[in-house]
Structures are given as C-alpha cells and as structure tokens.
Amino acid sequence: MKITDIEAIAFRYRSKIVQDEEGHAHPGPEHDATETLTKVSTDAGVEGYCFGGSQATVEVARPVLVGQDPFDRESIWQRLRQYQRMGKARTALADRYLGVIDQALWDLAGRATGLPVYKLLGGYRDKVLAYASTMCGDDLPDGLDTPESYADFAQSCKEMGYTAFKLHTWMSPLGPDPKHDVAACRAVRERVGPDTRLMLDCHHDYSREDALYIGRALEELDYYWFEEPMNEHSISSYVWLTEQLSIPVMGPETAEGKMYTRAEWILRGASDISRYDVWHGGITPMMKTIHLCESFGVRLEVHGGGPGNLQVLGAMGIPGEYYELGLLHPFIDHYARTPWLTEPIDPLLPGGYVRIPQRPGLGMEIDWGYIERNRIR
Ligand code: LLH
Ligand code: MG
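(A) Fine view of the site of ligand 1. The immediate surroundings of ligand 1 are formed by His-24, Cys-136, Lys-166, His-168, Asp-201, His-204, Glu-227, Glu-253, Arg-275, His-303 and Glu-324. His-24 is positioned such that a nitrogen or oxygen atom in its side chain is 2.8 Å from an oxygen atom of ligand 1. Glu-227 places a polar side-chain atom, nitrogen or oxygen, 2.9 Å from an oxygen atom of ligand 1. When ligand 1 sits alone it has 330 Å² of accessible area, and the protein chains cover 84% of it. The class makeup of the residues in the shell around ligand 1 is one nonpolar, four polar and six charged.

This is the structure:
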C-alpha cells in the first residue's frame, strides 16, 4: 500500500465558544467558525483522518508522504520531525500539525486492519475514569465568575456522575490572584465533600512564592494534583516547588521538545507527574514518552480530550488515571460541540468513566453529509 495524497478539507460550523486575547476558551455569542479535516489517501482505497491541520501543513508534508507505505509511521514521523527545524516547515509542521498527520496515519492503520488504534498499540483497558475540567474563570454572572459559581458547577458535575473535578481558575486579565484561586478551591471542596477528587490548574505564570502558597493550601484541602502554576521554561522553579510540596506537582504540559523535554524534567525531579498529549507531535512521540515514564516509575496524566488521547489511554499500562473531559462550562453543551461526528466521542458512563471508542482507527464516525453541506475547500 502506498500513500497517494494528503488534503486539508475546510468546513464551516456554528460555535458558541470564543477565545480571549491569550487563547483561553470562554462562552460567547454564536458565530461562524472553521474546522479542518486532514485526509490521507492510499492506492488501496483506504483513508485516514484527523480533525485539525492546515493547507500549509499538507503542502509541506505531501512530498514526504506520497509514495510511502502508510504503515512506515516511524520513518515518516522522523523525517517530518527533522523538517520542523527550518524554513516554512517551522510553522507548517509545528508539533500541533505534526500531531495531526501522525494521528491520521494511525487512523488509517486502524481502518486498514479493522482495529481501534489502542488495540494496535497494545490494549490495556477499554474504559477510563474522566474528570470534569472547567474552562478558565470569567466574569459572566453565574458562569465561572466567583468561588460560589465554581462550587455550583462542581455540584452539578457531581450530580451528572463525575467523580473528579478540575478547576481552571482566572487567567489574564482576570488573574493572577492566588487568594481568589484558593477561595475557589476551598468553596468547591466544602461543597462536594471529601470523596470527590479535586485538582487545580491555575494561572500558568505565578512566582515561586505564590505557587508555594497555593500548593500548601491545596494540601490542606486534600487536592489530588497541582498543575502548571509557573512558566514551564524554568525547570529550576519546578524543582524548587516540587521539593517543598507533598501534593503531586504536574508538568510539563505546554513545553516544547516532546519526549526529550519530559526526560529532562524526570532527571531533574521537576514534577511528580509528567504530562503529554497527542497534539505535541502525535501518538508516536506520546507512546515514547509513556514508555519513558514507565521506565522511571513516573506517572503520566494525559492532557486534553479527543479521540487520539482516548486511544492512547486505552493502551497505557502505567497510570494515566484520568481522561480530561472538557473544557466544560455551565453555559456550554459539551456534546453539541462536534456536529461533524455522528455521535460524541466521550459520553460519560455510570461511575464516571468514558469508553475507549471501539470503531476502527481513532474511533470516529464522520458525518460526511454535514461536512459536504458546509464545505469551504
Ligand atoms: O489555559 C487554558 O485555557 C487551559 O489551561 C487549557 O490549556 C487546558 O487545555 C489545560 O491546561 N488543560 O489541562
Ligand atoms: Mg493544564
């Protein structure tokens, strides 16, 4: 089998989510938005898909992919990784886009063999616990505007069946404010009681002292982990913080450098729990990172949702305890957000679990009628 083409299909949809100036998602007025579907075709008629990507990405990747065996993912991935260093590919093949191509190739392999990706990787489980992960704090009345609003939302999530809840508190320009963050964490703990797992992912640019203050408060409130409170480029700051706290510190989430960066964090003792997602270069480097963590006896929690992350969670033999389900907000219907799929990828099951999708590939059933009706390119 040989790859014959890679394309980026763009289509319109209606969204109720807007991004603030730093890129954090919030509820907003309904508007037109664009989604892209990257499609890899072969001479055997089998195709692979991943949502995301861009026209620039497929133009740069096409000469590398066409003519290759789509099962030679490692060779294709290594070649594209080298391309990332210079010229047009620096942006067109940034990790996010490399991750799309890699996922489309895994999807293709699954569709070709009739297996979900987690079975190709080596199946470990067919369901995973989920936590409700909130959007960042806002100033919308009865949204996520006060500690009390977070407590109300945590209670609703508990009633929906979630057994764990993670706050993203106020980012710029509404944060940082360590006291406000701690007040929200306290209000949530008091509302949901001792049995719900709670985590915090706060403003990502706190000073060492502010992060330590928040971390100590979280220990007192029996939180389960403390995520990305400082700039991840300062590994020394994370070493400093991790040494002083008993609550597990988690990271790096956004730092560049794929498995190489995670290896350095482990060697330095910069966090207790590592972090990765398929948008940092794909399933291929994520599995390398998972095996790295396993070798060092370090936990890894998967960042973000979506089909690629879920398939990896199904193949993770080390915890990897949770699927991040979100980002949720009292004003947003999470399950109405992907009208281009015939059904949502991550419905919540009794007990607070999400099933690893069992369809071949990444497990998505694409609504082609929807895409064709709304197609731009
Ligand atoms: O800053 C944000 O908008 C969120 O923190 C976002 O990046 C989210 O994906 C996250 O960090 N989840 O863990
Ligand atoms: Mg995070």
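On we go from here.
(B) View of the pattern of salt bridges. Counted according to the given criterion, the structure contains 23 salt bridges. One salt bridge connects Glu-343 with Arg-359, and the closest N-O pair in it is separated by 3.0 Å. Here Glu-343 is found in the loop between β11 (322-328) and β12 (348-349), whereas its partner Arg-359 is found in the loop between β13 (353-355) and α13 (368-373), with 16 residues between them in sequence. A relative accessible area of 29% places Arg-359 in the partly exposed class. A salt bridge links Glu-365 to Arg-359, with the shortest nitrogen-to-oxygen separation between them at 3.5 Å.

(C) Expanded view of the coordination of the magnesium ion (ligand 2). Bound to the magnesium ion (ligand 2) on the protein side are Asp-201 (OD), Glu-227 (OE) and Glu-253 (OE), at distances that span 2.0 to 2.1 Å. Each donor residue of the magnesium ion (ligand 2) belongs to the same chain, and together they define the spacing D-x25-E-x25-E. Taken as a pair, Asp-201 in strand β6 (residues 197-201) and Glu-253 in the loop between β8 (249-250) and α10 (258-268) lie far apart in primary sequence, 52 residues in all. Taking the relative accessible area as the measure of exposure, Asp-201 reaches 1% and is therefore buried.

Conventions and cut-offs
- Residues numbered from 1 in each chain as written.
- Chains lettered and ligands numbered in written order.
- Predicted model: local features only at pLDDT ≥ 70, side-chain atom pairs only at ≥ 80, totals over all residues.
- Heavy atoms only, no water.
- Near = heavy atom within 4 Å.
- Polar contact = N/O pair within 3.5 Å; in protein donor to acceptor, adjacent residues only side chain to side chain.
- Areas by Shrake-Rupley, 256 points an atom, 1.4 Å probe, with all protein chains shown as cover.
- Nonpolar A, V, L, I, M, F, W, Y, C, P; charged D, E, K, R; others polar.
- Salt bridge = Lys/Arg side-chain N within 4 Å of Asp/Glu carboxyl O.
- Helix = DSSP H or I, 4+ residues; strand = E, 2+ residues; numbered from the N terminus.
- Buried < 20%, exposed > 50% of the residue type's maximum accessible area, 1.4 Å probe, protein only.
- Donors = N, O, S within 2.8 Å, 3.2 Å for Na, K, Ca; no water.

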